[in-house]
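# Inside the fold
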Amino acid sequence: MSTAKSLFIRRESGVSGSLRSQKAALAEANERLAQRSTEVADLRLLCDELKSEAAAARTEAASARTEASSAWE
């Protein structure tokens, strides 16, 4: 009976150690995910800014083409 208890306790301590290890790995993965989420949000803001700049540049180019066309006429 004591051998069975000893094996049970040893197995349980192994499970507990594994669980602690998995909790640490999960916390680390969640931290990396949070960092990536922040990076994605920053990149989305940058993308929106670049889209606005591109739209302004297209508008300015169209205006310049219109002015050039009027100047030729």
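Up top is the structure.
Computed from a predicted model, the values in this text were never measured in an experiment. (Residues numbered from 1 in each chain as written. Predicted model: local features only at pLDDT ≥ 70, side-chain atom pairs only at ≥ 80, totals over all residues. Heavy atoms only, no water.)

## Brief notes about the overall build of the chain
For the chain, the helix and strand inventory stands at one helix and zero strands. With respect to the principal axes defined by its C-alpha atoms, the chain has extents near 105 × 10 × 5 Å. Sorting the 73 residues of the chain into buried and exposed places 0% on the buried side. The distance from the centre of the 11 positive side-chain charges to the centre of the 11 negative ones in the chain is 23 Å. (Helix = DSSP H or I, 4+ residues; strand = E, 2+ residues; numbered from the N terminus. Buried < 20%, exposed > 50% of the residue type's maximum accessible area, 1.4 Å probe, protein only. Lys, Arg positive; Asp, Glu negative; His and termini not counted. Charge placed at Lys NZ, Arg CZ, Asp CG, Glu CD.)

## Things to note about a nonpolar patch on the surface
A grouping of Leu43, Leu46 and Leu50 is seen on the molecular surface, where their side chains present a nonpolar patch of about 290 Å² in accessible area. With respect to the element layout, Leu46 can be found in helix H1 (residues 2–72). Leu46 gets classed as partly exposed once you look at its relative accessible area, which sits at 40%. (Patch = residues over 30% accessible without salt bridge, like charges linked within 9 Å, V, L, I, M, F, W, Y side chains within 5 Å. Areas by Shrake-Rupley, 256 points an atom, 1.4 Å probe, with all protein chains shown as cover. Salt bridge = Lys/Arg side-chain N within 4 Å of Asp/Glu carboxyl O.)

## Regarding the environment of Ala68
Tracing the chain through its elements places Ala68 in helix H1. Between the C-alpha atom of Ala68 and that of Gln35, which follows or precedes it by 33 residues, the distance is 49 Å.

## With respect to the pattern of salt bridges
Working definition: two side chains of opposite charge can pair if their charged atoms are close together. Counting across every chain of the model gives two salt bridges. In this structure, the salt-bridge partner of Glu28 is Arg32, at a minimum N-O distance of 3.2 Å. Of this pair, Glu28 and Arg32 both sit in helix H1, separated by four residues, roughly a single helical turn. The residue Arg36 makes a salt bridge to Glu39 at a minimum N-O spacing of 3.9 Å. In this pair, Arg36 and Glu39 are both assigned in helix H1, three residues apart and thus about one turn of the helix distant. Overall, Arg36 belongs to the exposed group, its relative accessible area being 55%.

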